[in-house]
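This is what each chain is made of:
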Amino acid sequence: MIHKKGFKVAIMILVIIILLLFVSCLLLDKKHSDHSAGRELGFTSTRNIQGHFRQYCMDDAHDHGILIWLHGDGKYEYKHPNSKEYLAGKHGIISLANRKKMKLIVPETPAADDTWWQDGSKNADWLIELINWLSNRYHTKNIWIAGFSGGAEEISYYILPRLKQISARQGGAVLFGGGGSPRKEGLYDSVPQNKVYSKKFPLIWIVGEHDDGHDDAGFNALQTSNEGLNFYRQQGWQTKRLVIPDRGHLLRTNDVGMYGDLLERYIK
């Protein structure tokens, strides 16, 4: 009888140990996931435009401002948050936001075609409301807006001309692989900095040396970014363009993106 009881106790102890190990593995996996999936939330504008966004780095220590990242056409970054090409990993945008003590918001375009710019004005209506709602909710006026390819186009064509509608008091914009001239697109003939935004709001274009349309269905981001730079510079904005040697449309090395490290150079 004593032997039987001892056996039962041993089995119970073994079961408890296995359960504890299982829970520990789950917690460890969660700890090392780089929070890459983020927390997905919905947002409906006053015009009843419905969309979603992922949020990262949301604890109280991340009080230096908000970084908005707009995905490229097809919303790869939104669909693949664990990819080290954009968000995840030590060189990713999530890690950058942690180092800068900023909250990171990755909106998903509300448009059914998975692009920002093709229905750019309507998408800007939704995005501007979202940014203002986040600014008020987290009591910050430091707003940085960055985007890749089609996301950069949305910024230069539709967001910057309406910057005065955003409740920012400091910040800037970083445009990767795109960001053209709204005048050339017939959208805005002029966007004078002193009338659109009374504070400094630096604009930085970053593009690969070989991003001339040969590797991305004919979209010449090298030329487009230069056109955007020249337009906004003529309008009195503080501008800069960085051309990355030996890179095309995707700024990466061995499938690891350069976006987080490049953003760190400019975000204040």
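Just above sits the structure.
Below, the structure is looked at part by part. By convention here, each chain's residues receive numbers from 1 onward along its written sequence. Predicted model: local features are reported for residues with pLDDT of at least 70 only, side-chain atom pairs are reported and counted for 80 or more only, and whole-chain, interface and lining totals are derived from all residues. Side-chain descriptors were evaluated using all non-hydrogen atoms of the structure, hydrogens and water having been removed beforehand.

**A few points about helix H4 (residues 120-137)**
- Numbering of helices and strands runs from the N terminus, with a helix taken as a DSSP run of H or I at least four residues long and a strand as a DSSP run of E at least two residues long. Given a helix with a known number of residues, its expected span is that number minus one, times 1.5 Å. In this model, H4 (18 residues) spans 25 Å end to end at C-alpha, consistent with the 26 Å of a helix rising 1.5 Å per residue.
- Only protein chains enter the accessibility calculation, which uses a 1.4 Å probe; a residue is then buried when its area is under 20% of its type maximum, exposed when over 50%, and partly exposed in between. Every buried residue of H4 is listed here: Gly 120, Asn 123, Ala 124, Asp 125, Trp 126, Leu 127, Ile 128, Leu 130, Ile 131, Asn 132, Leu 134 and Ser 135.
- The criterion used for residue contact is that any of the two residues' heavy atoms lie within 4.5 Å. Looking at the packing, one finds that the buried side of H4 touches strand E1 (39-44), strand E2 (50-56), strand E3 (66-70), strand E4 (103-108), strand E5 (142-148) and helix H5 (150-159).
- Positioned one or two residues after H4, His 139 has a phi angle of 55 degrees, which is positive.

**Digging into the environment of Pro 182**
- Here Pro 182 lies in the loop between strand E6 (170-176) and helix H6 (193-196).
- Counting along the chain gives 50 residues from Pro 182 to Tyr 232, while the straight-line C-alpha distance between them is 9.3 Å.
- When near neighbours in sequence (up to four residues on either side) are disregarded, Pro 182 contacts Ser 156, Tyr 157, Leu 187, Tyr 188, Val 191, Phe 231 and Tyr 232.

**Looking at the pattern of salt bridges**
- Salt-bridge detection follows one rule: a side-chain nitrogen of Lys or Arg within 4 Å of a carboxyl oxygen of Asp or Glu. In the structure shown here, the tally under the stated rule is ten salt bridges.
- Between Arg 99 and Asp 261 there is a salt bridge, with the nearest N and O atoms lying 3.8 Å from each other. Pair noted here: Arg 99 is in helix H3 (residues 93-100) and Asp 261 is in helix H8 (residues 259-266), with a separation of 162 residues, a long-range link.
- Here Glu 227 makes a salt bridge to Lys 184, at a shortest N to O gap of 2.8 Å. With Glu 227 in helix H7 (residues 221-234) and Lys 184 in the loop between E6 and H6, the pair connects residues that are 43 residues apart, well separated along the chain.

**Points about the layout of surface pockets**
- With a 1 Å grid spanning the protein atoms alone, the term cavity applies to any set of points in which a 1.4 Å probe fits but cannot get out, the term pocket to an open set with protein on both sides within 12 Å along at least five of seven lines, and the term lining residue to any residue with an atom within 4 Å of a point. Grid points are joined across faces, edges and corners, and a volume is the space filled by probe spheres set on the points. Of the voids in this model, the largest pocket is the one considered here, and its volume is about 320 Å³.
- As for the largest pocket, its lining consists of 19 residues, of which Asp 73, Trp 117, Ser 149, Glu 153 and Phe 219 are closest to the centre.
- Those elements giving two or more residues to the lining of the largest pocket turn out to be H5 and H7.
- Taken together, the residues of the lining of the largest pocket sort by class into four nonpolar, nine polar and six charged.
- By volume, the second largest pocket amounts to about 200 Å³. Each residue is assigned to one of three groups, with Ala, Val, Leu, Ile, Met, Phe, Trp, Tyr, Cys and Pro labelled nonpolar, Asp, Glu, Lys and Arg labelled charged, and all others, Gly among them, labelled polar.

**Here's the deal with the pairing of E3**
- Taking burial as the measure, the five residues of E3 include five buried ones, the bulk of the element.
- On E3, burial covers both faces: Ile 66, Ile 68 and Leu 70 on one face and Leu 67 and Trp 69 on the other are all buried.
- Pairing of E3 with E4 involves three bridges; the strand directions are parallel. Directly across from Ile 66, in E4, lies its bridge partner Lys 103.
- Bridge count between E3 and E5: five bridges; the pairing is parallel. Bridging from a neighbouring strand, Leu 67 pairs with Trp 144 of E5. Each pair of strands is called paired provided DSSP finds at least two bridges between the two strands.

**Remarks on the side chain of Asp 125**
- Of note, Asp 125 is situated in helix H4.
- Residue Asp 125 is classed as buried on the basis of its relative accessible area, which comes to 14%.
- Here a polar contact means two N or O atoms within 3.5 Å. Within protein one must be a hydrogen donor candidate and the other an acceptor candidate, and residues neighboring in sequence count only if both atoms are side-chain atoms. Polar contacts involving the side chain of Asp 125 include one to the side chain of Arg 162, which spans 2.8 Å.

**Notes on unusual backbone geometry**
- One non-glycine residue, His 139, adopts positive backbone phi at about 55 degrees.
- Position of His 139 among the secondary structure elements: in the loop between H4 and E5.
- By relative accessible area, His 139 is classed as exposed at 73%.
- A positive phi angle, near 55 degrees, is found at Asn 254, a position not held by glycine.
- Following the sequence through the fold, Asn 254 ends up in the loop between strand E9 (252-253) and strand E10 (256-257).
- With a relative accessible area of 71%, Asn 254 lands in the exposed category.

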